[in-house]
Amino acid sequence: MSIIKAENITKTYNESTIPVHAINGINLQIEEGEFTAIVGPSGCGKTTFLNILGGLDKATKGSVEVAGVNIGEMPDSKLIDFRLKNIGFVFQAYNLIPVLTNKENIEFIMLLQKKDKKERETRAMELLEQMGIADKANLRPSELSGGQQQRVAVARALASKPAFILADEPTANLDSKSTATLLDIMAKMNQEEKATFVFSTHDQRVIDKAKRVITLEDGVVISDVTR
Amino acid sequence: MLLKLSWKNVWRSKARSFVVIGSIILGVWALLIGTGFMNGFGVSYMADVINHDVSNIQVHNKEFKKDFDINYFVSNGTEKAAKVRTWPHVKATTTRIIINGMISSPKKGAAVQIRGIDIANEQKVTQLDSLLIEGSYFKGLKRHPIIIGSKLAKTLHVKLRSKVVLTFTNDEGLITAGAFRIVGIVKSSSVKINELYAFVKQKDLAKITSIGHQVHELAILLEPHVNEAATVAKYNQTYKGDMVETWKEIAPELALMQQMYNQMLYILMLIIMTALVFGIVNTMLMAVLERYRELGMLMAVGMGKANVYAMILIETIYLGLVGAPLGLLAGWLTLSYYSKVGVDLTEYSEGLESFGYSSILYPYLENNVYLIVTFSVVVTAIIGALYPAWKAVKLNPVEALHKI
Ligand SMILES: Nc1ncnc2c1ncn2[C@@H]1O[C@H](COP(=O)(O)OP(=O)(O)OP(=O)(O)O)[C@@H](O)[C@H]1O
Ligand SMILES: [Mg+2]
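Reading the values: rules and limits
Residues numbered from 1 in each chain as written. Chains lettered and ligands numbered in written order. Predicted model: local features only at pLDDT ≥ 70, side-chain atom pairs only at ≥ 80, totals over all residues. Heavy atoms only, no water. Helix = DSSP H or I, 4+ residues; strand = E, 2+ residues; numbered from the N terminus. Contact = heavy atoms within 4.5 Å. Pairing = 2+ DSSP bridges. Axes fitted to C-alpha atoms, helices over the stretch in contact; angles between N-to-C directions. pLDDT = per-residue confidence, 0-100. Phe/Tyr/Trp six-rings, centres within 6.5 Å; stacked < 30°, edge-to-face > 60°. Buried < 20%, exposed > 50% of the residue type's maximum accessible area, 1.4 Å probe, protein only. Lys NZ or Arg CZ within 6 Å of the ring centre and 35° of its normal. Core = buried A, V, L, I, M, F, W, Y, C linked by side-chain atoms within 4.5 Å. Near = heavy atom within 4 Å. Polar contact = N/O pair within 3.5 Å; in protein donor to acceptor, adjacent residues only side chain to side chain. Nonpolar A, V, L, I, M, F, W, Y, C, P; charged D, E, K, R; others polar.

Asker: For the side chain of K103 of chain A, give the residues involved together with the corresponding values.
Answerer: By the secondary structure assignment, K103 of chain A is in helix α3 (residues 102-112). Sequence-distant contacts of K103 of chain A, that is, excluding residues within four places in its chain, are made with E121, A124, M125, L128, A137 and N138 of chain A.

Here it is, written out as structure tokens:
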């Protein structure tokens, strides 16, 4: 069964004033364990599309099913809960709570997921180790480099073993070395934890690491290559 | 962890948090001080009036108060006073002859209420002797001693040992006069004692008027903090036909004053609370706007609205919980200090005394006021946080994350 099933998605901003057609009919299925990049020039609709897949935004037309559930018809409050339990998010920046330590940042989301204390602690430490930053567990995010912060964000996204992880340009703010490290870690987690990753990028080195590359242009899929 | 997170968020912007905590401290402090001092005015004035003038309960003939006719006596007043004195919770009783008349010195004349008092019992009921600023309590002068208030003495241009003449209509409707010599001058926060009363021995007055052992007034002083109702009921049951009144009926202005104080307090409270609400709304709104992206991220990854709302409220409550106790402490310290040493208002006392206040003010606060103030400050803080919290919940995560 596909984890994500998008059917005939369109998204038009400002319908009532000057309409912007950001997505113009996308059909897409993403299977469990994929490591997929959404690529394309700036303004082609990557962010918009990921937001719709992640239930952060609603499609104007079409339907999105995540793990068999149609999220387009879910009320907002239910959607928040659905995101909490099924989708991991990594953003370009501002991923972490600055006043909590890195470990607490990971634990916090598990707390929202109502995991018990022991599970939270072991899982957070396990993830930090996998990310190679176990020694930074009790530091604040501001005491880490940008790349390390993104690793904490990936750890947090993985914490509750979500159906898939959405990452919108997770490496946009990183130098090439950090980018490579982060991608390697993501690939490793894809292998070890069977975590499904869908990320957007316009960085060629990132694209090279993806197993499936979906290219958008003007809100439509122009190529879909699995390697 | 939400509690911990909120607590940490409070200290993100220390300067801002300190401003809010500072204003809460100031608000609580100002409320306590304001209440304490106003109470001090009110309570000490009321206590003065009760303990030195009207007593808790007064008994008269039903007709007496209509025009103070000299012939309306409390029947067997002296015997009743002696009996009531033995009742539980009764501290002291005394009797008085009361006649309205004129007092004159060689220079001036003035209206007075002549009070023929039972000097030993009067001392116990109104501590008249404690109000003396000059002279003695009916000692040293054998013939017709009189005690008057300081203001009246000034008006009449008289001093100790000066001679004054009391003129009044006697029980047969004839104008009668008697010469008295000033043995003491009293001063109090009560206008009546200072200007209106002339105290003479009951038996002197009885002789001049030939009304014998009859009295017009019976005053009953109760032990402190005892409600008057039980004694009033017992009196009415034991002796029928007299008019029995408590200080609230005799001096309705006191009750009115108390009401006025309460209203002033409410207004003060309202002003302080309003200022506090605005301060808190402003600060918390800043705190929310500053963290717009972070809050957007939290909601995107699945932090529910209830949790976001709670987080903002808890942050504000923390501010209140840090500020309120400090304010309470500051207020309590200030009040304890001044309730011991008092605040000397002698500089302004001319004006105050003409309103009937004493010139040294002792602030006074009941314990439950501390609770009420703390509670209302915390509630105010919560009210101030409602709008910012609502604002936080209303944000759209996609837009919030987009803002750079
Ligand atoms: N909130 C919005 N209101 C109106 N138009 C929008 C909004 N968000 C995006 N758009 C428009 O929709 C189109 C797609 O934008 P989107 O952000 O999805 O592109 P993108 O591929 O993520 O670009 P980038 O690589 O620069 O991040 C663009 O033309 C953009 O101007
Ligand atoms: Mg984008």
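Asker: With reference to specific residues and values, describe the sheet that holds strand β10 (residues 220-226) of chain A.
Answerer: Residue and element names in this part refer to chain A. If you walk across this open sheet you meet the six strands as β6-β7-β8-β3-β9-β10, and the pairing is mixed. Single-partner strands in this sheet number two, and they are β6 (87-90) and β10. Within this sheet the neighbouring strands show an average axis-to-axis angle of 20 degrees, counted without direction. Taken together, the four bridges between β6 and strand β7 (residues 164-168) define a ladder with parallel strand orientation. Across the sheet, the residue bridging to I87 is F164, located in β7.

Asker: Explain the confidence of the model for chain B to me, using residue names and the numbers behind them.
Answerer: Residues and elements named next belong to chain B. A residue-level look at chain B finds 95% of positions with pLDDT of 70 or above and a mean pLDDT of 86. Looking across chain B, the model is least confident in helix α14 (residues 349-354), with a mean pLDDT of 51, and most confident in strand β5 (residues 145-149), with 95. Scored as a complex, the prediction yields pTM 0.74 and ipTM 0.92.

Asker: Explain the packing of aromatic side chains to me, and be specific about the residues and the numbers.
Answerer: All names here are of chain B. This model, assessed by the stated rule, comprises 15 aromatic pairs over all chains. Taken together, a centroid distance of 5.6 Å and an interplanar angle of 75 degrees make the contact between W7 and W11 edge-to-face. Centre to centre, the rings of W11 and F18 are 5.6 Å apart; their planes meet at 55 degrees, and the pair counts as tilted. W11 sits in the partly exposed class, given a relative accessible area of 22%. Taken together, the ring pairs in this structure connect W7, W11, F18 and Y318 into an aromatic cluster. The positively charged end of R115 is found above the aromatic ring belonging to Y197, 3.9 Å away from the centroid.

Asker: Let's hear about the pairing of strand β2 (residues 90-104) of chain B: which residues, and what values?
Answerer: Residues and elements named next belong to chain B. Counting buried residues in β2 gives eleven out of 15 residues, a clear majority hidden from the surface. As judged from the six bridges shared by β2 and strand β9 (residues 217-222), these two strands associate in the antiparallel manner. Within β9, the position partnered with T93 by the bridge is I220. Across nine bridges, the pairing between β2 and strand β3 (residues 109-117) is antiparallel. Looking at β3, one finds that I98 is bridged to R115. If you look at the hairpin formed by β2 and β3, you'll find four residues sitting between the two strands. Across three bridges, the pairing between β2 and strand β6 (residues 163-169) is antiparallel. Along β6, the bridge assignment pairs M102 with T167.

Asker: Which residues make up the nonpolar core, and what values do they have?
Answerer: Judged by nonpolar contacts, the single largest core of 124 residues is most densely connected at F49, I106, F108, L158, F197 and F199 of chain A together with L32 of chain B. It is helix α13 (residues 305-341) of chain B that provides the largest number of residues to this core, a total of ten residues.

Asker: Report on the site of ligand 1, specifying residues and quantitative values.
Answerer: Residue and element names in this part refer to chain A. In the neighbourhood of ligand 1, 14 residues make up the surrounding shell, with S42, G43, K46, T47 and T48 lying closest. C44 places a polar main-chain atom, nitrogen or oxygen, 3.3 Å from an oxygen atom of ligand 1. Contact distances for ligand 1 include 3.1 Å between an oxygen atom and a backbone N or O atom of G45. Every element with two or more residues in the shell around ligand 1 is listed here: β2 (20-30) and α1 (46-53). Per-element tally for the shell around ligand 1: the top contributor is α1, with three residues. Partitioned by chemical class, the residues of the shell around ligand 1 number five nonpolar, seven polar and two charged.

Asker: Quick one: what's the story with the environment of L158 of chain A, residue by residue and with numbers?
Answerer: When you line up the elements, L158 of chain A lands in helix α5 (residues 146-158). Setting aside chain neighbours within four positions, we find L158 of chain A in contact with R123, L127, M131, I165, M189, E193, A195 and F197 of chain A.

Asker: If you had to explain the pairing of β9 of chain B to someone new, which residues and values would you point to?
Answerer: Residue and element names in this part refer to chain B. For β9, the tally of buried residues reaches six of six residues, placing the bulk of the element in the interior. Burial of the side chains of β9 extends over both faces: E217, A219 and L221 are buried on one face and L218, I220 and L222 on the other. Here strand β1 (residues 57-61) pairs with β9 via three bridges, running antiparallel. Looking at β9, one finds that Q58 is bridged to A219.

Asker: Go over the sheet that holds strand β5 (residues 69-70) of chain A, please, and point to the residues and values.
Answerer: Residue and element names in this part refer to chain A. Pairing is antiparallel across the open sheet formed by four strands, whose spatial order is β2-β1-β4-β5. One side of each edge strand has no neighbouring strand; the edge strands of this open sheet are β2 and β5. Of the strands in this sheet, β1 (4-13), β2 and β4 (61-66) are in contact with α1, which crosses β1 at around 125 degrees.

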